[in-house]
Amino acid sequence: QFLEKRYDDQEYEVPKVIVVWGQNPPPTCSDGFFGHWILDCKRRGSKLIVIDPRVTWLASRAKYHLQLRPGTDGALALGWLNVIINEELYDKEFVEKWAFGFDRLKERVQHYPPDKVAEITWVPEKTIVEAARFYATSKPAGIHWGVSVDMCPQGTTVAQAISHLWCITGNLDIPG
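Below: a short report on this structure. (Residues numbered from 1 in each chain as written. Predicted model: local features only at pLDDT ≥ 70, side-chain atom pairs only at ≥ 80, totals over all residues. Heavy atoms only, no water.)

### Notes on the overall build of the protein
Quick note on the threshold: Secondary structure elements are defined from DSSP: runs of H or I of at least 4 residues count as helices, runs of E of at least 2 residues count as strands, and each element is numbered from the N terminus. We compute the radius of gyration over the C-alpha atoms and compare it with the globule rule, which gives 2.2 Å times the number of residues raised to the power 0.38. When a residue's accessible area, from a 1.4 Å probe over protein chains only, is under 20% of the maximum for its type it is buried; when over 50% it is exposed; and in between it is partly exposed. Here, two residues are considered to be in contact whenever any of their heavy atoms come within 4.5 Å of each other. Computed with a 1.4 Å probe, the accessible areas rest on the Shrake-Rupley method; for each residue, only the protein chains presented here act as cover.
Assigned secondary structure in the protein consists of 9 helices and 4 strands. Relative to a compact globule of 176 residues, whose C-alpha radius of gyration would be 16 Å, the protein shows 15 Å and is just as compact. Projecting the C-alpha coordinates of the protein onto the three principal axes gives extents of approximately 45 × 40 × 25 Å. Per-residue burial over the protein gives 51% buried out of 176 residues. Contacts spanning at least 24 positions in sequence make up 70% of the contacts within the protein whose residues lie at least 6 apart. Within the structure as shown, the protein displays about 9600 Å² of accessible surface, and the carbon and sulfur contribution to it stands at 52%.

Below you can see the structure in the form of structure tokens.
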């Protein structure tokens, strides 16, 4: 949700966590967003989860850096969904009111338990679980993904899986 006064608006709440997925916004935000907003929020207390094979400046300052194997973003998103759904960390009220097909999603993510996702992505299982829990329990939370997600061979389905994270945690259309 965009607010005219941004951070100064009474409705705005600084995100507790920002997931930076396959992007290095401050110096290279090629998709039209101004990368400094992440730094502005970090100065105001936001924590970062960076998902990127590279060690970027933001990754070095993140609470969690998930240094995944290139091209395994979809598996990681499904692994996070597995943790969030199976541990019932999702926003039940939001899901009941707004989500269509949640039962099918719940069934699908059973194929991506954290141990299997760790093998696929090369990210330690413990880190996958901790980061998923942190994201799910830190509201409001934002996810900023980059062109690397959009341009991968399975870009649409990866973007959908990442979008499901926003949806089931109730982080849609809320200030912050």
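### Regarding unusual backbone geometry
In this structure, the amide linkage connecting Lys139 to the following residue, Pro140, adopts the cis form with an omega of 5°. When you line up the elements, Pro140 lands in the loop between helix H7 (125-137) and strand E4 (141-145). Here Glu88, not a glycine, exhibits a phi torsion of approximately 55°, which is positive. On the secondary structure map, Glu88 appears in the loop between helix H3 (73-86) and helix H4 (92-98). Since its relative accessible area comes to 48%, Glu88 is described here as partly exposed. Even without being glycine, Trp122 reaches a positive phi, approximately 75°. Assignment of secondary structure puts Trp122 in the loop between helix H6 (114-121) and H7.

### Quick look at the sheet that holds strand E1 (residues 17-21)
Rule in force here: What makes two strands pair is DSSP finding at least two bridges between them. Every axis in this analysis is a line fitted to C-alpha atoms, fitted for helices over the stretch in contact. Angles between the N-to-C directions lie between 0 and 180 degrees.
Reading across from one edge, E3-E2-E1-E4 is the order of the 4 strands in this open sheet, with parallel pairing throughout. Whereas interior strands pair on both sides, the edge strands pair on one side only; in this sheet they are strand E3 (64-66) and E4. Averaged over all pairs of adjacent strands, the angle between strand axes in this sheet comes to 15°, irrespective of strand direction. One ladder, built from 5 bridges, connects E1 with strand E2 (residues 47-51); its direction is parallel. Note that in E2 the partner of Trp21 across the bridge is Ile51. Against the sheet, helix H2 (residues 36-43) contacts E1, E2 and E4, and its axis sits at roughly 150° relative to E1. In the packing of H7 onto the sheet, contacts are made with E1, E2, E3 and E4, and the angle to E3 comes to roughly 125°.

### Overview of the packing of aromatic side chains
This is how the line gets drawn: What counts as a ring pair is set by centres within 6.5 Å for rings of Phe, Tyr and Trp (its six-membered ring), and what kind of pair is set by the plane angle: stacked under 30 degrees, edge-to-face over 60, tilted for all other angles. Counted as over-ring charges are cases with an Arg CZ or a Lys NZ within 6 Å of the ring centre that also lie within 35 degrees of the ring normal.
Applying the stated criterion across every chain, the model contains 5 aromatic pairs. Each ring, one from Trp21 and one from Trp80, has its centre 5.9 Å from the other, and the planes form 65°; the classification is edge-to-face. One end of the pair, Trp21, is in strand E1; the other, Trp80, is in helix H3, with 59 residues separating them in the sequence. In this structure Trp21 comes out as buried when scored by relative accessible area, which is 0%. In textbook terms, an aromatic cluster arises when at least three aromatic residues are bridged by ring pairs, as seen for Trp21, Trp80 and Tyr135. The residue whose ring lies beneath Lys63 is Phe134, and the NZ or CZ to ring-centre distance is 5.2 Å.

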